[in-house]
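Fold and geometry: a report
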Amino acid sequence: MSHTSFRQRLLHAMQERPYLQGGLRQILIWPLISLAIGALMWGATFAKIHEDRRHLGQTAIKDVASLSHAYANHLSRAIAQADQLLQFIKFDWERSQAQPDLAVLLQKGFLPVSNVYSVSIADQSGAAVSFLFPFERPSSTSFAGRDLFLFHKRNSDNQLFTGQPVLDPVSGKTLIYFSRRLDTGRGEFAGVIVVAVEPAYFSAGFYDGSSLGKSALLAIAGQYDKVLRALRIGGEIRNASTDVALGSVPMREAPNGALFLPGDPWFSDTQARFVSWELLPQYPLVAVVGLSEQELLAPYRDSWQTYRTSAMVASIFLFLFGFIATLLTIRLAARKHLEDDARSAYRVATEGGNDGFYMLRAMRNAQGKITDFELMDCNEQGAAFYGQNRASFVGTKLSTWYVEPYFTALLGIYRHAMELGYYEDEWHVASDSPMQLKWIHRKFVRSGTGLAMTVRDINSVKTHERELARLANEDALTTLPNRYWMNNYLPAALARIAAKNGMLALLFIDLDDFKNVNDTQGHQVGDALLCEVAARLRGVLRPHDHVVRLGGDEFTLILEQVESENDAAVIAARVIDSLCQPYALLRGRSSIGASIGITLFPRDGSDSKELLKNADIAMYHAKAEGKGDFRFYQPILFENLKVRLDTERALLTALDDDQFVLFYEPRICTYTGELRALEALVRWVHPERGLVSPAQFIPLAEESGLILKLGEIVLEKACGQLAYWKALGLPLVPVSINVSARQFNHGNIKNLFASALSRHSINPELVEIELTESSMMGEQSEVVEQLAAIRALGIKLLVDDFGTGFSSLAQLQRLNMDALKVDRTFTAELVRTTEGEIFFKAIVSMAHSLGMSVIAEGVETGGQLSLLQSLSCDEIQGYLIARPVPAQEVEELLKKRFLLGDMA
């Protein structure tokens, strides 16, 4: 960022924040102080580190020089040991002028070769005439062309020759050779004695990783050729020719010395080292020692890390100190600027706002207790809230505005605000208060020895809240309290009643036949009726009782002051009497009734949920007993309902798990006894209760609507059984299937039967449908149309339980049924009364005149059979012929065919 750009931004920031202009010097001083201290600290840190580095370098040079001197002495002893071996063999050879047997010398302990790789003696032609190796050597070993052989052959002096490292082709090892010349008695060249050692020989016994370090260097080099004879770095013997390059080290010019080598290109591992060398006394070899800079300067690096970390931590603290100090300075400057602006703008803001502002001074007695407050200042709006003007209002006291006991209550709140330092609330202004508002929001802030108070008019907000609460708790149609209100009110009412050991009654009201009004006259009339019901309920209640609309045509009465059941019963009777009176509606007068269930607290429940549930159960009991009445809750009602619900759940499970089977009751010709048909009767095979009679579950299936699914199961099983008997080649007879009123009125009977017959390839003439009279009491045109559609399939239609319903002759003529099944009650009357016989004869005559056959149900005696034969009844069924039997026993009946036998 350029200087001009920074200056422009600074000017812009100062224009936006004018408080920066006056306090810029105070703001910038803290960052400058922090920078100065940080610079001094880092300067001192770097100076200390540099001094430590220099001192460690000097110490390292001294240490490595001392080590090279010790290593030179160590090498001198090692080489002297090898030389002693050479001189011993030379002396023995020259003394005896005979070839010594090295193995014998070794065996006698004359050859100390524990650190020697091999010892050889070569004659004047260079051929090895005697040798001692750790393994078998080839017989063609020769030293004729080697440097050591040529050196001794040309030089007659008795000088030790030290060779350069050589890779032995037999062992594959790198070896260093030491040799001396052998002479004859006349001083002529007779051969050489050669001792070979491995490079590790020179560092054995000297290297110690704990003192020298893991990367220390030990080497031995020629004084004149500077060729390394051996090299060890750390614990590893290395390739002297490639891993170290010491050609530029002035070993020849300076027999002893020390210097620092930076690593590359001196060492293949690129580690910098402090290197010292020293010439071995008596031998033209140089001992070289190198110590790793990284290891020697580890204390320096640790110190540097410590110093740097400390400096960085201190720098962070300095930065934070400078930043926080600068920020606090800016905030103080901003606060001072805002306070100045607030003072100048206070009057304008307070006079133009809608809130009332008051500055109050606390007045104390001799004991320091606040006894009153004096108004030191206010705005015009604050004075107007009291019907005053500001000039006359300022200087008055709180005690002059309010009288007792109102003053004492307010003084307590003002004292509390002084103790807390801050307090706010919403206050409903009393009617005798001098403040001309209804609801206010007050905020107190302690200011010095007094209070700053603001007052806001919130009457419109409170009015809106009350309206929202009313809408949430009120039924929109009847304006009665709703379920939400009751759920909030009733628990508190129960707690009050319980505290007084009192009694509360809950009346659950359900309108009887209200659905008929909605269905026949429309929902608009139904809504008008509900509003009239609400008005009548209000009219019969006592002032302290409550009526609630739960929803639909359900209401609840809450009676809080009852002494006994009789009190609740009296009110319930008044409600029923009031609601059953005719209603004048838009489309004429209508009448409905009401069924009421009553629970008493605490007898029938400990909470609102339990009371309401039990009242609902009692109401359903009232409906079941004929409607238009009330019933008190009894525990047995709950048990009955539980049994009903358990049975309904078990029935659902039975439908899903296919726990139903069909039994078949034979129907025969009255005269011949020939099997004419079978009536399919469903049975429930309960896994625990066993075979369950239809009387125990068919009514429940009708009420719950499960009869629809059950009817489909019966139809499917009956058709499947017919198909099975057909496959067996049995002589088939029609099977009649009972269809309930709910099934028939559902409207899809024709499709269900057509689909089942097609699926199982059953002739429609083998299936009959039995319908009760109540099934055909709907709209005549629709009933006739449905029956005609079924007959068009080829299925016969039978009127079941004839005589128990309301069929007329004209209706039977229109419906065009195939047969009448006379109810068993009329069959039983045949042999008991003459009227029974006459009535049955009339039925037969009527049916035959309409082309319908007659079937008598419940035939149990021979006397009944004889009368039926004389009355020309076509067919019979009952226990006289056979009880209903399972499907597997029907096969025998089909084969037998004639079932009357000797009973005829």
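Below is a summary of the structure that appears in this document. In every chain, residue numbers begin from 1 and rise along the written sequence. Note on the predicted model: pLDDT of at least 70 is required for a residue's local features to be given, and 80 or more for side-chain atom pairs to be given and counted; whole-chain, interface and lining totals, by contrast, use all residues. Each side-chain value is derived from all of the structure's non-hydrogen atoms; neither hydrogens nor water enter the calculation.

1. Focus on a nonpolar patch on the surface
Surface patches are defined over residues having more than 30% relative accessible area and no salt bridge, joining like charges when they lie within 9 Å and nonpolar side chains (Val, Leu, Ile, Met, Phe, Trp, Tyr) when within 5 Å. In this description, accessible areas are obtained by the Shrake-Rupley approach with a 1.4 Å probe, and a residue is regarded as covered only by the protein chains that are shown. Between Lys or Arg on one side and Asp or Glu on the other, a salt bridge is scored when a side-chain nitrogen of the former is within 4 Å of a carboxyl oxygen of the latter. Side chains of Val313, Ile316, Phe317, Phe319, Leu320, Phe323, Ile324, Leu327 and Leu328 sit close together on the surface and give an oily, nonpolar patch of about 880 Å² of accessible area. Helix numbers and strand numbers start at the N terminus; a helix is a DSSP run of H or I with at least 4 residues, a strand a run of E with at least 2. With respect to the secondary-structure elements, Phe319 resides in helix α10 (residues 298-352). Under the relative-accessibility criterion, Phe319 is labelled exposed at 57%. Whether a residue is buried, partly exposed or exposed follows from its accessible area with a 1.4 Å probe, protein chains only, as a fraction of its type maximum: under 20%, in between, or over 50%, in that order.

2. Points about the pattern of salt bridges
The tally for this structure, following the rule as stated, stands at 26 salt bridges. Asp658 serves as the salt-bridge partner of Lys717, at 3.1 Å between the closest nitrogen and oxygen. Here the residue Lys717 occupies a position in helix α23 (residues 707-728), and Asp658 occupies one in the loop between α21 (635-657) and β25 (660-669), the gap between them amounting to 59 residues. A relative accessible area of 26% means that Lys717 is categorised as partly exposed. The closest approach of N and O atoms between Asp818 and Arg791, which form a salt bridge, is 2.6 Å. Residue Asp818 is located in the loop between α27 (809-815) and β31 (819-822), and its partner Arg791 is located in helix α26 (residues 780-792); the two are separated by 27 residues in the primary sequence. Residue class for Arg791 comes out partly exposed when judged on its relative accessible area of 30%. Through salt bridges with shared partners, a single ionic network connects Arg667, Arg676, Glu768 and Glu875.

3. Comments concerning the sheet that holds strand β7 (residues 217-222)
As a general point, the strands of a sheet are linked pairwise by backbone hydrogen bonds and lie either parallel or antiparallel. Strand order across the open sheet formed by six strands is β9-β8-β7-β12-β11-β10, with antiparallel pairing between neighbours. Lying at the two open borders of the sheet, with one neighbouring strand each, are β9 (236-237) and β10 (256-261). In short, DSSP must find at least two bridges between two strands for them to pair. Of the strand pairs in this sheet, β7 and strand β8 (residues 228-233) are connected by five bridges, and their pairing is antiparallel. Across the sheet, the residue bridging to Leu217 is Ile233, located in β8.

4. Observations regarding unusual backbone geometry
The step from Glu404 to Pro405 runs through a cis peptide bond, and the omega angle for that step is 0°. Residue position: Pro405 is located in the loop between α13 (398-401) and α14 (406-420). With an omega of 10°, the peptide bond running from Phe601 to Pro602 counts as cis. With respect to the secondary-structure elements, Pro602 resides in the loop between β23 (593-601) and α20 (608-624). Backbone geometry at Asp658 places phi at a positive 55°, although glycine is not the residue there. At Ser872, a residue that is not glycine, the phi angle is positive and equals roughly 65°. Tracing the sequence through the fold places Ser872 in the loop between α30 (862-870) and β33 (875-876).

5. Some remarks on helix α16 (residues 483-499)
What a helix should span is 1.5 Å times the count of its residues minus one. Between the first and last C-alpha of α16 there are 24 Å, a value that for 17 residues agrees with the 24 Å anticipated at 1.5 Å per step. Its axis deflected by about 30° at Tyr489, α16 carries its strongest bend there, up to four residues before the proline Pro491. For α16, every residue scored as buried is listed here: Trp485, Met486, Tyr489, Leu490, Ala493, Leu494 and Ile497. One or two residues past the end of α16 sits Asn501, with phi positive at roughly 55°. The term bend refers to the angle at a residue between two fitted axes, each drawn through seven residues, those ending there and those starting there.

6. What to know about helix α31 (residues 887-896)
Within α31, burial applies to Ala887, Val890, Leu893 and Leu894. Each buried residue of α31 sits inside an arc of 100° when the element is viewed along its axis, so together they form one side. Residues of α31 that are exposed and point over 90 degrees away from its buried face: Gln888, Glu892, Lys895 and Lys896. In what follows, a contact means two residues having at least one pair of non-hydrogen atoms within 4.5 Å. Tucked into the core, α31 has its buried residues touching β25, β26 (675-686), α23 and β34 (885-886). The first or second residue beyond α31 is Arg897, which carries a positive phi of 80°. For this quantity, the arc is that covered by the directions from the helix axis to the C-beta atoms.

7. Quick look at the packing of helix α18 (residues 523-540) against helix α19 (residues 565-579)
How two helices sit against one another is set out by the angle between their axes and by the gap between those axes. Between α18 and α19, the shortest axis-to-axis distance is 10 Å and the interhelical angle comes to 145°. Crossing hand, α18 versus α19: right-handed. Contacts between α18 and α19 involve Val533, Arg536, Leu537 and Val540 on the former and, on the latter, Arg574, Val575, Ser578 and Leu579. For this scheme, ten residues count as nonpolar: Ala, Val, Leu, Ile, Met, Phe, Trp, Tyr, Cys and Pro. Four count as charged, namely Asp, Glu, Lys and Arg, and the remainder, Gly too, count as polar. Each residue belonging to the contact of α18 with α19 can be placed in one class, and the counts come to five nonpolar, one polar and two charged. To define axes, lines are fitted to C-alpha atoms, for helices over the stretch in contact only, and angles between the resulting N-to-C directions are given on a 0 to 180 degree scale. Should the near helix be turned anticlockwise from the far one by less than a right angle, the crossing is left-handed, and should it be turned clockwise, the crossing is right-handed.

8. Description of the packing of α23 against helix α25 (residues 749-760)
Relative to each other, α23 and α25 sit at 30°, their axes nearing to 9 Å. Relative to α25, the element α23 lies roughly parallel. Our pair here, α23 against α25, has a crossing hand that is right-handed. Touching Glu712, Leu715, Glu716, Cys719, Gly720 and Ala723 of α23 are Leu752, Phe753, Ala756, Leu757, Arg759 and His760, all from α25. Any angle that falls under 35 degrees is termed roughly parallel, while one over 145 is termed roughly antiparallel, one within 65 to 115 roughly perpendicular, and all others oblique.

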